[in-house]
Amino acid sequence: MKYYSTRTAPDDPGEGRSAAEVIVSGIAEDGGLYMPDSIPRVGPDFISSLLPLDYRGRSDKILSLYLDGFEPDEIHRCGLDAYSAPSFPASPAPTVKLEDGLHILELWHGPTCAFKDMALQIMPKLLSLSIPKSGEKRDALILVATSGDTGKAALEGFRDVPGVRISVFYPADGVSRVQKAQMITQKGGNVSVCGIRGNFDDAQSGVKRIFGDAETVRRIARKGYFLSSANSINWGRLLPQITYYFSSYCDLVNSGEITAGEMINFCVPTGNFGDIFAGYMATLMGLPVRRLICASNSNNVLTDFFATGVYDRNRRFYTTASPSMDILISSNLERLLSVTAGYAKTAEYMASLKETGRYSVDEEVMNEIRDVFDAGYASDGESFETIRRCFSDYSYLIDTHTAVALSCIGKYRERTGDKTTSVVLSTASPFKFAGAVYTSVTGKDAPAGYAALEALEEASSVPIPEPLRDIDKREIRFPDEIDPADMADHILREI
Ligand SMILES: *Cc1c(COP(=O)(O)O)cnc(C)c1O
């Protein structure tokens, strides 16, 4: 299997990049995202063969379909290291039942208690194997600017992985106290973390400047490193996300909630469109999916896109209680366009997005997209009410992102009358957003900082997850805070 950019038709269909090359390079030279040259179709037999396996076994089978050039044993090792204790002490992605026909796929049992762990626990291991396979002799230096969750998940994923170092920059006053505590106490011999005096954009621009500054890149190369990133457009992050759609389906068959071959829906809290696009890949591969419901918060650029065929980022940006979905450019939507509209149109749309902030997709293409996708959004008020109701009806705590999706599946069912068994993807532990969850459940103001987690534990009788427990009492390893202008020097000192 070869990979091609979403934006350029291959001159020679024999060319294309290997899986190892696309995992090392992340983004294509023309600015597009990498996609496989064909999508492997699997039948009922394949799904039957997954039923008796655990998550790691299912992961092995799905990754093997896409990772030409990797030995079965290498893929198996990566999955075993990624999805076992201590990272995932129990089942990595259990599906739990709220009521008949309505289930939650919990994707937050990893070391940072959010769904990014599902990909970021295994992607660094795939990258470490990919570097020599791609012919690269140097080690990778991963630079990350983070507004909170991605930085911590990347640190956990890359810590002590051979052939890789990671440097994370966060806005000193732009992350929550719990998020900051998680990062500055990070363990591992190949990690560094540093606060930036400024906001997230300052941190992100600083990282981009380093990538673009030939002199800094040369000085880093002289120390034996090439620069790389771990962001969500890397195929190595998308691929592992396909697994949990298959795995959840298998768990529902095994528990007798559905029969093999029955269609189900997935409702996905969406930001950059990576998570839900993995669900679309699973659907194209042959998983029996009736609808993928794209759930947004008040930054509902995607809801409008699915309704009108026009993607328009020229709109007000809202800061919401589900910050990981506060996004106006959903990068991975480009992959959906490439599958449905082809290379040439995708390049046109992306050029238009860059120039005018909007593009308009042909009706024919939209009809194909709407065969599978539906979309909706929920305000903060609706999400808080959903958290409250979910706890009072089912004694089940959800976070603010999951609440957006649970609200949206309710509205979707009311609007369409569709009674298909539905799975809502749960992307973060409620304790990651303890203040908002506590207030939604109790109606009272939450205490600040770590005390909010203790208050939520007390009010709900649900224990604080182990990775977050006593986070305020751990040893601080990375107290540094610097000006954005000093980022390059900081990196050169650390490596
Ligand atoms: C990143 C994230 C999302 C959005 O996922 P995308 O793949 O960007 O659509 C939703 N919820 C949480 C908690 C996240 O961290």
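Residues numbered from 1 in each chain as written. Predicted model: local features only at pLDDT ≥ 70, side-chain atom pairs only at ≥ 80, totals over all residues. Heavy atoms only, no water.

**With respect to the sheet that holds strand 15 (residues 481-482)**
Adjacent strands of a sheet form backbone hydrogen bonds with each other and so pair up, either parallel or antiparallel. To be explicit about the condition: Strands qualify as paired when DSSP identifies two bridges or more between them. Put simply, DSSP marks the helices as runs of H or I at least four residues long and the strands as runs of E at least two long, and each gets a number from the N terminus on. Any two residues having at least one pair of non-hydrogen atoms within 4.5 Å are treated as being in contact. Only the contacting stretch of a helix is used when fitting its axis, a line to C-alpha atoms as for every element, and angles between N-to-C directions run 0 to 180 degrees.
The strand order across the open sheet built from 5 strands is 8-5-6-7-15, with neighbouring strands paired in parallel fashion. Edge positions in the open sheet fall to strand 8 (225-228) and strand 15, since each of these has one partner strand only. Direction of pairing for strand 7 (residues 191-196) relative to strand 15: parallel, over a ladder of 2 bridges. The partner of Ile196 across the bridge, within strand 15, is Ile482. Set on the sheet, helix 7 (residues 149-158) makes contact with strand 5 (139-145), strand 6 (164-171) and strand 7; between it and strand 6 the angle comes to about 165 degrees. Those strands touched by helix 9 (residues 200-212) are strand 5, strand 6, strand 7 and strand 8, and its axis lies near 150 degrees from that of strand 5.

**A few points about the site of the ligand**
Keep this limit in mind: One heavy atom suffices: a residue is near a molecule or strand as soon as one of its heavy atoms comes within 4 Å of it. In the analysis that follows, any N or O atom pair within 3.5 Å is treated as a polar contact, provided that within protein one partner can donate a hydrogen and the other can accept it, and provided that, for residues neighboring in sequence, both atoms belong to side chains. Each accessible area is a Shrake-Rupley estimate made with a 1.4 Å probe; only the visible protein chains count as cover when residues are assessed.
Of all residues adjacent to the ligand, which total 14 residues, the nearest are Lys116, Gly271, Asn272, Asp275 and Thr427. Interatomic distance of 2.9 Å between a backbone N/O atom of Asp275 and an oxygen atom of the ligand. Between the ligand and Ser324 there is a distance of 3.4 Å, counted from an oxygen atom to a side-chain nitrogen or oxygen. With the chains in place, 96% of the 390 Å² that the ligand exposes on its own is no longer accessible.

**Thoughts on the sheet that holds strand 3 (residues 95-99)**
With respect to topology, 6 strands assemble into an open sheet ordered 3-4-14-9-10-13, the strand pairing being mixed. On the outer flanks of this sheet lie strand 3 and strand 13 (373-377), each paired with one strand and no other. The mean inter-strand angle of the sheet, taken between neighbouring strand axes irrespective of direction, is 25 degrees. In the sheet, strand 4 (residues 102-106) pairs with strand 14 (residues 422-426) via 5 bridges, with the strands oriented parallel. Among the inter-strand pairings, Glu106 is bridged to a residue of strand 14, identified as Ser426. Sheet strands in contact with helix 11 (residues 235-254) are strand 3, strand 4, strand 9 (264-269) and strand 14, and its direction is about 135 degrees off that of strand 9.

**Topic: the packing of helix 17 (residues 380-394) against helix 18 (residues 400-416)**
Spelled out, the test is: Throughout, the term roughly parallel applies to angles under 35 degrees, roughly antiparallel to angles over 145, roughly perpendicular to angles from 65 to 115, and oblique to all others.
Closest axis-to-axis distance for the helix 17/helix 18 pair is 8 Å, and the angle between their directions is 90 degrees. Taken together, the axis directions place helix 17 and helix 18 in an arrangement best described as roughly perpendicular. Here helix 17 contributes Glu382, Ser383, Phe384, Thr386, Ile387 and Cys390 to the contact with helix 18, which in turn contributes Thr400, Ala403, Val404, Leu406, Ser407 and Lys411.

**Observations regarding the packing of aromatic side chains**
We apply this condition: Working definition: rings of Phe, Tyr and Trp (its six-membered ring) pair if their centres are within 6.5 Å, and the pair is stacked with planes under 30 degrees apart, edge-to-face with planes over 60 apart, and tilted otherwise. Whether a residue is buried, partly exposed or exposed follows from its accessible area with a 1.4 Å probe, protein chains only, as a fraction of its type maximum: under 20%, in between, or over 50%, in that order. Only when the NZ atom of a Lys or the CZ atom of an Arg is both within 6 Å of the ring centre and within 35 degrees of the ring normal do we say a charge sits over the ring.
The final tally for this structure, using the stated rule, is 17 aromatic pairs. Centre to centre, the rings of Phe305 and Phe306 are 5.3 Å apart; their planes meet at 65 degrees, and the pair counts as edge-to-face. Look at Phe305 and you get buried, because its relative accessible area is 0%. Assessed through its relative accessible area of 5%, Phe306 is described here as buried. By way of ring pairs, the aromatic residues Phe273, Phe277, Tyr280, Phe305, Phe306, Tyr311, Tyr349, Tyr359 and Phe373 are connected into one cluster. One Lys or Arg, Lys411, reaches over the ring of Tyr377 and ends 5.7 Å from the middle of that ring.

**Concerning helix 20 (residues 451-460)**
Our working definition: Throughout, the arc means the angular range of directions from the helix axis out to the C-beta atoms.
Within the sequence span of helix 20, burial applies to Ala452, Leu453, Ala455, Leu456 and Ser460. The buried residues of helix 20 occupy one face: seen down the axis, they fall within an arc of 160 degrees. Looking at the packing, one finds that the buried side of helix 20 touches helix 8 (177-184), helix 17 and helix 19 (434-442). Just downstream of helix 20, Ser461 is the residue with a positive phi angle, here 60 degrees.

**Looking at the layout of surface pockets**
Note the cut-off: Cavities and pockets were defined on a 1 Å grid built from protein atoms only: a cavity is a group of points that admits a 1.4 Å probe but offers it no way out, a pocket is an open group of points flanked by protein on both sides within 12 Å along at least five of seven lines, and a lining residue is one with an atom within 4 Å of any such point. Grid points are joined across faces, edges and corners, and a volume is the space filled by probe spheres set on the points. The classification used treats Ala, Val, Leu, Ile, Met, Phe, Trp, Tyr, Cys and Pro as nonpolar, Asp, Glu, Lys and Arg as charged, and all other residues, Gly among them, as polar.
Reported here for the second largest pocket is a volume of approximately 430 Å³. What lines the second largest pocket is a set of 22 residues, among which Pro86, Gly110, Pro111, Glu466 and Pro467 lie closest to the centre. Residue classes in the lining of the second largest pocket are distributed as 9 nonpolar, 7 polar and 6 charged.

**Describing the pairing of strand 6**
As a reminder of what qualifies: Crossovers are marked right-handed if the path from the first strand over the helix to the second runs clockwise, as seen with the strands pointing away from the viewer.
Most of strand 6 is tucked away: 8 of the 8 residues are buried. The alternating pattern of strand 6 places Val164, Ile166, Val168 and Tyr170 and Arg165, Ser167, Phe169 and Pro171 on opposite faces, both of which are buried. Where strand 5 and strand 6 come together, 6 bridges link them in parallel fashion. Bridge assignment links Leu143 to a residue of strand 6, and that residue is Ser167. A crossover connection joins strand 5 to the parallel strand 6 through helix 7; in handedness this β-α-β unit is right-handed. Of the pairings in the sheet, the one linking strand 6 to strand 7 comprises 6 bridges and is parallel in character. Bridge pairing links Tyr170 to Gly195 in strand 7. Since strand 6 and strand 7 lie parallel, the crossover through helix 8 that links them has a hand, and here it is right-handed.

**Section: the pairing of strand 4**
With 5 of its 5 residues buried, strand 4 lies for the most part within the structure. Pairing between strand 3 and strand 4: 4 bridges, direction antiparallel. Paired with Lys97 across the bridge in strand 4 is His103. The antiparallel pairing of strand 3 with strand 4 creates a hairpin that spans 2 residues between the two strands, and Gly101 there sits at a positive phi of about 80 degrees.

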